[in-house]
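Residues per chain are reported as follows:
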Amino acid sequence: MQVRVYYEDTDFSGIVYHANYLRYMERGRTNHLRLMGAEQQALFEQTAAEDASFAFVVRSMHLDFLRPARMDDVLDVVTWPVAVKGASIMLAQEVRRAEDVLVKAEVRVAFISGGRAQPIPKSIRTLMKADLIS
């Protein structure tokens, strides 16, 4: 997914403010689902039919900031699943400018219902596993 860096994304020096990478990566995860054929609204409706109190939450995130992005840069946000287990999905993400990797992330997303971690519904597990890299 491509993102252009705008003035509002930067700090006073014209470099992307670190927290904005989280926004880019959130959009990247949403777009990743869409590209796999799962639009979030339809996915929520389907899962809500099975369990009305579900949610996905970011359980943990590890970030490495390698290089800065600047105003007017065009960035690629690349997302891929690493593991799908029980109640969580581990995703890898990179924010790149052309061939340069600017930020690397490992994101664990948990499926919760009733305030507790629950097994991911089969429809979502199947969808995510189909895209795993061997």
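Here's what I pulled together on the structure shown here. (Residues numbered from 1 in each chain as written. Predicted model: local features only at pLDDT ≥ 70, side-chain atom pairs only at ≥ 80, totals over all residues. Heavy atoms only, no water.)

Re the pattern of salt bridges
At step 1: All chains considered together, the criterion is met by five salt bridges.
At step 2: The salt bridge partner of Asp9 is Arg23, with a shortest N-O separation of 3.7 Å. A residue pair is termed long-range when its members are at least 10 positions apart, and Asp9 in the loop between β1 (2-4) and α1 (20-35) and Arg23 in helix α1 qualify at 14 residues.
At step 3: Look at Asp9 and you get buried, because its relative accessible area is 3%.
At step 4: For Arg23, a relative accessible area of 34% gives the class partly exposed.
At step 5: Salt-bridge contacts for Asp100 lead to Arg67; the nearest nitrogen and oxygen are separated by 2.9 Å. One end of the pair, Asp100, is in strand β5 (residues 100-113); the other, Arg67, is in the loop between β2 (54-65) and β3 (74-85), and 33 residues separate them in sequence. (Salt bridge = Lys/Arg side-chain N within 4 Å of Asp/Glu carboxyl O. Helix = DSSP H or I, 4+ residues; strand = E, 2+ residues; numbered from the N terminus. Buried < 20%, exposed > 50% of the residue type's maximum accessible area, 1.4 Å probe, protein only.)

Remarks on the pairing of β3
At step 1: Pairing analysis gives three bridges linking β1 to β3, with the strands arranged antiparallel. Looking at β3, one finds that Arg4 is bridged to Val74.
At step 2: As defined by bridge partners, β3 adjoins strand β4 (residues 88-97) across nine bridges and the pair is classed as antiparallel. Bridge assignment links Val77 to a residue of β4, and that residue is Val95.
At step 3: Counting the residues that bridge the hairpin from β3 to β4 gives two residues, and of these Gly86 lies at a positive phi of roughly 45°. (Pairing = 2+ DSSP bridges.)

Topic: the packing of aromatic side chains
At step 1: Evaluation of the coordinates by the stated rule reveals two aromatic pairs.
At step 2: Judged by centre distance (6.0 Å) and plane angle (85°), the rings of Tyr21 and Tyr24 are edge-to-face. Taken together, the residues span about one helical turn, with Tyr21 and Tyr24 both in helix α1 at a distance of three residues. Tyr24 shares its class with Tyr21; the two are buried. (Phe/Tyr/Trp six-rings, centres within 6.5 Å; stacked < 30°, edge-to-face > 60°.)

Side note on the side chain of His32
At step 1: Its location among the elements puts His32 in helix α1.
At step 2: On the basis of relative accessible area, His32 is assigned to the buried category, the value being 9%.

Some thoughts on the nonpolar core
At step 1: Counting 25 residues, the largest nonpolar core has Tyr21, Tyr24, Ala69, Leu75, Ile89, Val95 and Met128 as its most contacted members.
At step 2: Residue assignment for this core shows that the elements contributing at least two residues are α1, β3, β4, β5 and α3 (122-129).
At step 3: If you tally residues by element for this core, the top one is β5, at six residues.
At step 4: Here Ile89 is in contact with Phe56, Ala83, Val84, Val107, Arg108, Val109, Ile120, Ile124 and Met128, once residues within four sequence places are set aside. (Core = buried A, V, L, I, M, F, W, Y, C linked by side-chain atoms within 4.5 Å. Contact = heavy atoms within 4.5 Å.)

Function-wise, these values are silent; they only describe arrangement.
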